[in-house]
Amino acid sequence: PLVVLCGYPCSGKTRRAHELRDYLTQNTERKVHVVGDEIQGIDKNSVYSDSQKEKNLRGALRAEVERKVNRDDVVILDSLNYIKGYRYELFCLIKHTQTPHCLVYCLTSAEVSSECNKAREADSQYTQEILDGLVLRFEAPDSRNRWDSPLFTIQKEDALPFEAICDALFKRKAPPPNQSTQSQPLSSTNFLYELDKVTQDILMALLDSQKTSVPGDLISTPGATEKISFFHTSLNMVELRKLRRQFISYTKMHPTENIGQIANMFVQYLNKSMH
């Protein structure tokens, strides 16, 4: 099972990770692995001021979680985990492994995080500019999203709800795998061709529809029965291509036997990533 910690910089995530690790070690027979920024030995200010370095860090953390996650041990991911799309990727990973997960959200104000940061040793502080930027980019978890649920929101003075977290991890069924997360062999030689073509056709249709659509419209795209909810005034080609690349990269690793489902899977992915 996977515990995803989430919160502003200096909101107490590492302290909570250690509290939970100690509780699980003392009260269960399970092995507990903590995966996080600290273990990667990063220079925070260097990483979080460079989007490529930050992306590489997220990739390294996800790969480490993927290596360690299984149905018996507990993995605690101690990082900012502030991007909604990244939390969705982690949810897909646990669906594929078929283990439960939960989110522990360490809730603080920007002011409290800033004060805690200033109280740290100089070499482990964020610069104020980096901290402000991360707070600004933070996408708060929402328990209505499957990938953010079950959600435990903890304020600085709260005690961790250990029993409720254990129930979420050990007594709940894992989310069922679906076609987008089950790893299957590439049985069709034209799978990659279809993946490329279908996603490109949908992007072009979406770009074209944006010219006449208003927020709230449902956009139909080629090959998909599901519609794209148009909540933005516009999405540019660069953003859409980035989402398409992410989807293709994930789907290559977890191909579906049913090529006819690619269009709907991509529409679902766009709806989740854009909102």
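Scroll up a little and you will see the structure.
It should be emphasised that the depicted structure is a prediction, and the values quoted were computed from it without experimental measurement.

Section: the overall build of the chain
Link 1 in the chain: For the chain, the helix and strand inventory stands at 11 helices and 7 strands.
Link 2 in the chain: Rg of the C-alpha trace for the chain: 20 Å, near the compact-globule value of 19 Å for 275 residues, within the 12% margin.
Link 3 in the chain: Each of the three principal axes of the chain carries a C-alpha extent, and together these read 55 × 40 × 30 Å.
Link 4 in the chain: Scored against the burial criterion, the 275 residues of the chain give a buried share of 46%.
Link 5 in the chain: In the chain, 78% of the contacts between residues at least 6 apart in sequence involve partners at least 24 apart.

Quick look at the pairing of strand 4 (residues 101-107)
Link 1 in the chain: Here strand 4 lies mainly inside the structure; 6 of its 7 residues are buried.
Link 2 in the chain: As paired strands, strand 1 (residues 2-7) and strand 4 are joined by 6 bridges and run parallel to one another. Within strand 4, the residue paired with Cys6 across the bridge is Tyr105.
Link 3 in the chain: Bridge analysis of strand 4 against strand 5 (residues 151-155) gives 5 bridges, and the strand direction is parallel. If you follow Val104 over to strand 5, its bridge partner there is Phe152.

What about the side chain of Thr221?
Link 1 in the chain: Considering the arrangement of structural elements, one finds Thr221 in the loop between strand 6 (217-219) and strand 7 (228-230).
Link 2 in the chain: Given a relative accessible area of 7%, Thr221 falls into the buried group.
Link 3 in the chain: Apart from residues lying up to four places away in sequence, Thr221 is in contact with Ile202, Ala205, Ile228 and Val267.

Quick word on the environment of Tyr23
Link 1 in the chain: Here Tyr23 shows up in helix 1 (residues 13-27).
Link 2 in the chain: Each C-alpha atom, one on Tyr23 and one on Thr212, is 56 Å from the other, the two residues being 189 residues apart in sequence.
Link 3 in the chain: Not counting residues within four places of it along the chain, the set of residues in contact with Tyr23 comprises Phe162, Glu163 and Cys166.

Digging into a positive patch on the surface
Link 1 in the chain: A contiguous patch of positive charge on the surface is contributed by Lys55, Arg241, Lys242 and Arg245.
Link 2 in the chain: Ranked by residues supplied to the positive patch, first place goes to helix 10 (residues 237-253) with 3 residues.
Link 3 in the chain: Residue placement: Arg245 occurs in helix 10.

Some remarks on helix 1
Each α-helix winds once per 3.6 residues, and so residues spaced three or four apart point in a common direction.
Link 1 in the chain: Look at helix 1: 21 Å from first C-alpha to last across 15 residues, which is about the 21 Å you get at 1.5 Å a residue.
Link 2 in the chain: Structurally, helix 1 contributes buried residues whose contacts are with strand 1, strand 2 (32-36), strand 3 (74-78), strand 4, strand 5 and helix 8 (162-170).

Observations concerning the environment of Glu129
Link 1 in the chain: Looking at the secondary structure, you find Glu129 in helix 7 (residues 128-137).
Link 2 in the chain: The class for Glu129 is exposed, based on a relative accessible area of 69%.
Link 3 in the chain: Taking the C-alpha atoms as reference points, Glu129 and Asn45, 84 residues apart in sequence, are found 9.4 Å from one another.

Conventions used here
Residues numbered from 1 in each chain as written. Predicted model: local features only at pLDDT ≥ 70, side-chain atom pairs only at ≥ 80, totals over all residues. Heavy atoms only, no water. Helix = DSSP H or I, 4+ residues; strand = E, 2+ residues; numbered from the N terminus. Rg over C-alpha atoms; globule rule 2.2 N^0.38 Å. Buried < 20%, exposed > 50% of the residue type's maximum accessible area, 1.4 Å probe, protein only. Contact = heavy atoms within 4.5 Å. Pairing = 2+ DSSP bridges. Patch = residues over 30% accessible without salt bridge, like charges linked within 9 Å, V, L, I, M, F, W, Y side chains within 5 Å. Areas by Shrake-Rupley, 256 points an atom, 1.4 Å probe, with all protein chains shown as cover. Salt bridge = Lys/Arg side-chain N within 4 Å of Asp/Glu carboxyl O. Lys, Arg positive; Asp, Glu negative; His and termini not counted. Charge placed at Lys NZ, Arg CZ, Asp CG, Glu CD. Expected span 1.5 Å × (residues − 1).

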